[in-house]
Amino acid sequence: MEILVTPDSFSARKQTIARHFASASDYDQHASIQQTVCQYLLENITHTKQSSVLEVGAGTGQMTRLLAEHVQSQHWLINELCAEQAATLQSILPMADIAIGDAETMDLEGIHSLIVSANAVQWFDNPLNFVTQSAHRLQTAGQLLFSTFTPNNFLQIKALTGQGLDYPDITEWQSALTNADFEHIELSIERFDLPFISPYAVLKHMKLTGVSTSQTQVSSRNTQPFRWTKARLQQFESNYWQHFSAQNEDGQSCVNLTYEVLTVSAFKP
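Residues numbered from 1 in each chain as written. Predicted model: local features only at pLDDT ≥ 70, side-chain atom pairs only at ≥ 80, totals over all residues. Heavy atoms only, no water.

1. Some remarks on the pattern of salt bridges
Defined as follows: By definition, a salt bridge exists where a carboxyl oxygen of Asp or Glu is found within 4 Å of a side-chain nitrogen of Lys or Arg. Working definition: helices are DSSP H or I runs of at least four residues, strands are E runs of at least two. Numbering for both runs from the N terminus. Partly exposed residues are those whose accessible area sits between 20% and 50% of the maximum for their type, while under 20% is buried and over 50% is exposed, using a 1.4 Å probe and protein chains only.
As enumerated under the stated definition, the model contains 4 salt bridges in all. A salt bridge links Glu-104 to Lys-14; the nearest nitrogen and oxygen atoms lie 2.7 Å apart. On the criterion of sequence distance, the pair formed by Glu-104 in the loop between strand E4 (97-100) and strand E5 (112-117) and Lys-14 in helix H1 (residues 12-22) is long-range, its members being 90 residues apart. For the residue pair Glu-104 and Lys-14, the accessibility class agrees, reading buried in each case. Where Arg-191 meets Asp-193, a salt bridge forms, and the shortest distance between an N and an O atom there is 3.2 Å. What makes Arg-191 partly exposed here is its relative accessible area of 45%. By relative accessible area, Asp-193 is classed as partly exposed at 37%.

See below:
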């Protein structure tokens, strides 16, 4: 096993993202949708015996734990942006090489039979390039399996604040996969509407899962800093209730936050 750390190559935006996730110490308690997605990805791995597995953006190890329990591999390479997660990831897969750094710019050595990434690619500066990079890193008949989010993800936040990531849509992903000569391409979308007791509870949930609406570095295109003020927060609460109010399973008033997940499976010919 080896732990490779290359934080000096981080852009200012990636440093901000890493800080947000480093401070989300209760991530696993609140990232229920992400855990559901990890389970879905696991169920779509074609072969449980692999020669080499690369996981990109492992985070707290939600997907890593499932891989460790259900997949056998001769070699493991686990990548993560946040250096604080290195020890956790190593404890989950003691035989793995842990590569701490920006997956877009660092050299993730080796040719792999499976590349998997759960809920991470949306943070890339160029998400679609992940497909091209993966094509070069996969062996013949190797599987690329990942999840990301659609432009409808967190639609309420975008509508009310103008803040958010720029997600490629499903047709862009399809084109990228086709242009990279992938075969047996399968893309699927699933929407989850999570109820919260208040708009403030929505913001708290997002912070606890590493997402900030007060720093525009979470978006590669925004240039002007977004800052919460008392007046802006009050207006946000009022508008959220006005436009996105709902009822939970008990018939109580609530507001929803939308997750819309895109999952991709494809094979290198």
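Still to come is the rest of the account.
2. Observations regarding the packing of helix H9 (residues 199-208) against helix H10 (residues 230-244)
Going by this rule: To define axes, lines are fitted to C-alpha atoms, for helices over the stretch in contact only, and angles between the resulting N-to-C directions are given on a 0 to 180 degree scale. Here the angle decides the label: under 35 degrees means roughly parallel, over 145 means roughly antiparallel, 65 to 115 means roughly perpendicular, and every other value means oblique. Contact between two residues is taken to exist if any of their heavy atoms lie within 4.5 Å; hydrogens are not considered. All amino acids are sorted into three groups, where Ala, Val, Leu, Ile, Met, Phe, Trp, Tyr, Cys and Pro are nonpolar, Asp, Glu, Lys and Arg are charged, and the leftover types, Gly among them, are polar.
The interhelical angle for the contact between H9 and H10, taken along N-to-C directions, is 110 degrees, at an axis separation of 9 Å. The orientation of H9 relative to H10 falls into the category roughly perpendicular. Residues Pro-199, Tyr-200, Val-202 and Leu-203 of H9 form the contact with H10, whose participating residues are Leu-233, Phe-236, Glu-237, Tyr-240 and Trp-241. Per-class residue counts for the contact of H9 with H10 are 8 nonpolar, no polar and 1 charged.

3. Side note on the packing of aromatic side chains
Formally: Pairing of aromatic rings covers Phe, Tyr and Trp, the last counted by its six-membered ring, and requires centre-to-centre distances within 6.5 Å; plane angles under 30 degrees mean stacked, over 60 mean edge-to-face, and any other angle means tilted. The rule for a charge over a ring is simple: NZ of Lys or CZ of Arg within 6 Å of the ring centre, and within 35 degrees of the ring normal.
By the definition in use, this model includes 9 aromatic pairs. Relative to Tyr-240, the ring of Phe-236 has its centre 5.4 Å away and its plane inclined at 75 degrees; by these criteria the two rings are edge-to-face. In this pair, Phe-236 and Tyr-240 are both assigned in helix H10, 4 residues apart and thus about one turn of the helix distant. Put simply, the rings of Phe-124, Phe-130, Phe-146 and Trp-173 touch in pairs and so form one group of aromatic residues. When the ring centre of Phe-124 is taken as reference, the NZ or CZ atom of Lys-14 above it lies at 5.7 Å.

4. Comments concerning the packing of helix H3 (residues 32-43) against helix H4 (residues 62-70)
Heads up, the rule is: When the near helix sits turned anticlockwise from the far one by under a right angle, the crossing is termed left-handed; a clockwise turn instead gives a right-handed crossing.
Here H3 crosses H4 at 30 degrees, and the two axes come no closer than 9 Å. In this structure, the crossing between H3 and H4 has a hand that is right-handed. Contacts from Gln-34, Gln-35, Cys-38, Gln-39, Leu-41 and Leu-42 of H3 reach H4 at Gln-62, Met-63, Leu-66 and His-70. Taken together, the residues of the contact of H3 with H4 break down into 5 nonpolar, 5 polar and no charged.

5. What about H10?
To keep it simple, the criterion reads: In this analysis, the expected span of each helix is defined as 1.5 Å times one less than the number of residues it contains. When we speak of the arc, we mean the arc of directions from the helix axis to the C-beta atoms.
Taking 1.5 Å per residue as the helical rise, H10 with its 15 residues ought to reach 21 Å, and the 21 Å between its terminal C-alpha atoms agrees with that figure. When we look at burial in H10, the residues that qualify are Phe-236, Asn-239, Tyr-240 and Phe-244. For H10, the buried positions fall inside an angular range of 110 degrees around the axis, keeping them on one side. Of the residues in H10, the exposed ones pointing more than 90 degrees away from the buried face are Lys-230, Ala-231, Gln-234 and Gln-242. Contacts made by the buried residues of H10 are with helix H7 (155-161), H9, strand E8 (245-247) and strand E9 (253-267).

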